[in-house]
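# Tertiary structure, described
Here is how the chains run, residue by residue.
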Amino acid sequence: AHVIAKHNIKEIVLTGVNIGDFNQNNESLIDLFIQLEKIDLIKRIRLSSIEPNLLTNEIIDYISKSKKILPHFHLPLQSGCDITLRKMKRRYLTKLYYDRVMLIKDKMPNACIGVDVIVGFPSESEKNFLDSYSFIKSLPVGYLHVFSYSERKDTEAANIFPKVSVVEIKNRSKKLRELSLMKKKEFIINNLNKESQVLFESFDGDYLTGLTENYIKIKIHSKNNYTNSIKKVKINHSNGDYASGLFVV
């Protein structure tokens, strides 16, 4: 992290397999947060995908009070149907997932929550899918990452029947992607007229593009190149999957 900071990188993303299980020399994920926050040149820390059963109350509470760790969570769900979750052998059910989401929003109302979903898992019936769809629709989340189930040999899932047809998988995937767009639009609208700190990542000569702390893509017309700079912006317009705004002086 110190090497990264010396290269004038303002934001880092913590990623890994089962990051919530982080334990290095008897140090927890929160201990890692504490050490990273001491590096002055790193201004923002974003947490990547973390399993809902590993996202503890303590982690959520710590992030809610942090000045550097961003209010952005990506929680794999995979299915909003308990029957399917059990077949997938996930370590959580929808109640736990719901509780995690609601605690985040209680502590950080403006937090963005992303959701991973798999469609077409073997034996996923139409009712299972609709239950999953309804559950996700009820959640105050910001976007979905939708994946189509892909068969892998020598896995337990390969021996689960009946299979979901390719056509049905495409139909279900389309419905969830449409839901994702709706969720993203709603999230941006809920952030209108609010001020955010935006880290600008690119400039094409006319527009700056960057991300707010809570993962909203911002495009602003500008004559100045503020790439790799953090500027305060008031969001004033939704363009569907991104927003625009004005610099706050």
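See the structure above.
Residues numbered from 1 in each chain as written. Predicted model: local features only at pLDDT ≥ 70, side-chain atom pairs only at ≥ 80, totals over all residues. Heavy atoms only, no water.

### Side note on the sheet that holds strand β6 (residues 195–203)
Around the barrel, which closes on itself, the 5 strands sit in the order β6-β7-β8-β10-β9 with mixed pairing between neighbours. Mean inter-strand twist for the sheet, computed between neighbouring axes without regard to direction, equals 55°. For β6 and strand β9 (residues 230–238), the ladder comprises 5 bridges, and the chain directions are antiparallel. Within β9, the residue paired with S196 across the bridge is V233. (Pairing = 2+ DSSP bridges. Helix = DSSP H or I, 4+ residues; strand = E, 2+ residues; numbered from the N terminus. Axes fitted to C-alpha atoms, helices over the stretch in contact; angles between N-to-C directions.)

### So, the packing of helix α3 (residues 57–65) against helix α5 (residues 94–107)
Relative orientation of the contacting elements α3 and α5 amounts to 25°, with a least axis distance of 10 Å. Between α3 and α5, the angle is such that the two are roughly parallel. Relative to α5, α3 is oriented so that their crossing is right-handed. For the pair α3 and α5, contact is made by N57, I60, D61 and S64 and by R100, L103, I104 and K107, respectively. For the contact of α3 with α5, the class distribution of residues is 3 nonpolar, 2 polar and 3 charged. (Parallel < 35°, antiparallel > 145°, perpendicular 65-115°, else oblique. Left-handed = near helix turned anticlockwise from the far one by under 90°. Contact = heavy atoms within 4.5 Å. Nonpolar A, V, L, I, M, F, W, Y, C, P; charged D, E, K, R; others polar.)

### As for the sheet that holds strand β4 (residues 112–119)
Spatial ordering of the open sheet is given by β3-β4-β5, a layout of 3 strands whose pairing is parallel. The open sheet has two free edges, formed respectively by β3 (72–78) and β5 (143–148), since each of these has just one partner strand. Strand-to-strand twist in this sheet, taken as the mean axis angle between neighbours without regard to direction, amounts to 20°. Both β3 and β4 contribute to a ladder of 6 bridges, which runs parallel. The residue bridging F73 from the neighbouring strand is I113, located in β4. Of the strands in this sheet, β4 and β5 touch helix α7 (residues 166–190), which is tilted by about 165° from β5.

### Structural notes on the nonpolar core
Residues F33, I104 and L176 are the most contacted members of the largest nonpolar core, which totals 44 residues. With near-sequence residues (within four places) excluded, I104 lies in contact with L55, I60, F73, L75, P109, A111 and I113. In terms of nonpolar packing, the next biggest core, distinct from the first, is built from 13 residues, Y143, I216, I220 and V233 among them. (Core = buried A, V, L, I, M, F, W, Y, C linked by side-chain atoms within 4.5 Å. Buried < 20%, exposed > 50% of the residue type's maximum accessible area, 1.4 Å probe, protein only.)

### Some points on the pattern of salt bridges
Across all of its chains, the model carries 14 salt bridges by this definition. Note that E51 is salt-bridged to R90, the shortest N-O span being 3.2 Å. Of the two residues, E51 is situated in the loop between β2 (44–47) and α3 and R90 in the loop between α4 (82–88) and α5; the sequence distance between them amounts to 39 residues. By relative accessible area, which is 19% here, E51 ends up buried. For R90, a relative accessible area of 27% gives the class partly exposed. In this structure, the salt-bridge partner of K163 is E151, at a minimum N-O distance of 3.1 Å. (Salt bridge = Lys/Arg side-chain N within 4 Å of Asp/Glu carboxyl O.)

### Some remarks on the packing of helix α2 (residues 29–37) against α3
The contact between α2 and α3 brings their axes to 10 Å, and the two run at 20°. Taken together, α2 and α3 sit at an angle that is classed as roughly parallel. Crossing hand, α2 versus α3: right-handed. Of the residues in α3, those in contact with L29, I30, F33, I34 and E37 of α2 are E58, I59, Y62 and I63. For the contact of α2 with α3, the per-class residue count stands at 7 nonpolar, no polar and 2 charged.

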